[in-house]
Amino acid sequence: MSQAILSVRGLRKNYGGVPALQGVDFDVARGEVCGLIGPNGSGKSTLFDCCTGLQKSDAGSVLLKGMDITHWPMNRIAREGRLLRSFQKTVVFPTMNSEENLVLAGQMARFPGIASTFSVGATSRARVKALRERARELIEVSGLSRVAHLPAGNMSGGQQKLLQFASMLMPEPELVLLDEPLAGINPILIEKVIQCIVSANKDHGITFLVIEHNTDVLMNLSHRVIVLHQGQKLADDTPEAIVRNPQVVEAYLGG
Ligand SMILES: Nc1ncnc2c1ncn2[C@@H]1O[C@H](COP(=O)(O)OP(=O)(O)OP(=O)(O)O)[C@@H](O)[C@H]1O
Ligand SMILES: [Mg+2]
């Protein structure tokens with residue numbers, strides 16, 4: 001395996017009496033698309049929360065590009081680690097159109113915090129022009145051209161997911177964590193999201209860690225798959241081996 005971009009060691013997280021993570025270890029190699037699966041409540045989103053600084057873990061460590069980011073605040077992890085994530089619930093700015101959403105995403109990543117996004121002076125005209133160009137490119141790649149003029153709130157749920165995905169690519173991240181990017185979207189848009197992930201990975205070298213319950217799609221997309229079960233790692237292998245692993249079949253995939 002090439003150098004790990006993300007290394008998680010002995011990660012633990014309890015919510016009250018609920019052990020969401022019970023000592024999880026894994027690596028994600030730079031340049032790979034790694035799948036993360038497991039039953040509802042197995043700790044997948046919590047793992048993302050602890051890797052991105054949204055939640056503080058109780059024990060264990062998270063290394064990003066060799067830096068110990070375990071106790072870093074969320075903004076610093078995103079900015080210095082160039083690590084971004086999506087949430088299960090889609091978040092876009094509903095009154096802005098696609099280009100405005102994307103330009104704002106690019107500005108926010110550079111100047112973390114809403115207030116500084118609108119600060120005068122720091123955002124030069126040339127920079128905004130470059131952001132607009134990149135936004136138009138991403139609108140094209142995500143197949144959103146036809147609806148790009150609409151306020152994002154008037155786009156379909158699937159289109160909003162694509163826009164959210166494009167927003168994450170605006171600041172040119174190195175590692176992207178996707179939490180159920182395909183939930184609730186139709187087969188055509190599923191295909192589009194997959195193409196976007198594959199192209200961002202192949203053409204721009206972006207590493208992905210993807211939580212997804214659509215296992216058929218995830219197995220095709222991923223180079224490797226990690227399985228969580230009751231807050232513990234149950235398996236970590238190639239998709240071919242995962243679908244044949246009897247423990248994984250019993251705990252998650254079903255007969
Ligand atoms: N903020 C929170 N406060 C309290 N309990 C939480 C919180 N977040 C998660 N949990 C609990 O931690 C456990 C793991 O939840 P998590 O959301 O990580 O699961 P998941 O694998 O992402 O599930 P799903 O596939 O349903 O999204 C669950 O028992 C959940 O109820
Ligand atoms: Mg979840």
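Since the model is a prediction, treat every value here as computed from it, not as a measurement.

Asks: Outline the pairing of strand E9 (residues 224–229), listing residues and values.
Replies: Taking burial as the measure, the six residues of E9 include five buried ones, the bulk of the element. Strand direction decides the pairing type here: strand E3 (residues 33–37) and E9, joined by four bridges, are parallel. Opposite cysteine 34, over in E9, you have arginine 224 as the bridge partner. In the sheet, E9 pairs with strand E10 (residues 232–237) via five bridges, with the strands oriented antiparallel. Along E10, the bridge assignment pairs leucine 228 with lysine 233. Between E9 and E10, which follow one another and run antiparallel, lie two residues, and glutamine 230 among them has a positive phi close to 50 degrees.

Asks: So what's going on with the sheet that holds strand E1 (residues 4–15)? Which residues, and what values?
Replies: One open sheet holds the four strands; their spatial order is E2-E1-E4-E5, and the pairing between them is antiparallel. The outermost strands of the open sheet, each flanked by one partner alone, are strand E2 (18–29) and strand E5 (67–68). With two bridges connecting them, strand E4 (residues 59–64) and E5 associate as antiparallel partners. Within E5, the residue paired with leucine 63 across the bridge is aspartate 68. In this fold helix H1 (residues 44–52) packs onto E1, E2 and E4, with an angle of close to 115 degrees to the strand it touches most, E1.

Asks: Outline the site of ligand 1, supporting the account with residue identities and numerical values.
Replies: With respect to spatial proximity, 15 residues lie near ligand 1, and among them Asn40, Gly41, Lys44, Thr46 and His213 are the closest. Serine 45 is positioned with one of its side-chain polar atoms (N or O) 2.9 Å from an oxygen atom of ligand 1. Residue assignment for the shell around ligand 1 shows that the elements contributing at least two residues are E2 and H1. No other element matches the three residues that H1 contributes to the shell around ligand 1. Residue classes in the shell around ligand 1 are distributed as four nonpolar, nine polar and two charged.

About the cut-offs
Residue positions within a chain follow its written sequence, with the count starting from 1. Lettering for chains starts from A, numbering for ligands starts from 1, and both go in the order in which the items are written. Where local features are concerned, this predicted model is filtered to residues with pLDDT of at least 70; where side-chain atom pairs are given and counted, the filter is 80 or more; whole-chain, interface and lining totals use all residues. Side-chain measures were taken over the full set of non-hydrogen atoms in the model, leaving aside hydrogen atoms and water. Burial here depends on accessible area, computed with a 1.4 Å probe over protein chains only, as a share of the maximum for the residue type. Under 20% is buried, over 50% is exposed, and the range in between is partly exposed. Numbering of helices and strands starts at the N terminus; helices are DSSP runs of H or I of at least 4 residues and strands are runs of E of at least 2. Paired strands, in this sense, are two strands between which DSSP finds at least two bridges. In what follows, residue pairs with any heavy atoms lying within 4.5 Å of each other are defined as contacts. Every angle, taken between N-to-C directions, lies between 0 and 180 degrees, and every axis is a line fitted to C-alpha atoms, over only the stretch in contact when it is a helix. The criterion for a residue being near a molecule or strand is simple. One of its heavy atoms has to lie within 4 Å of it. In protein, a polar contact requires one atom able to donate a hydrogen and another able to accept it; more generally it is a pair of N or O atoms within 3.5 Å, and residues adjacent in sequence count only if both atoms are side-chain atoms. Residue type decides the class: Asp, Glu, Lys and Arg count as charged, Ala, Val, Leu, Ile, Met, Phe, Trp, Tyr, Cys and Pro as nonpolar, and the leftover types, Gly among them, as polar.

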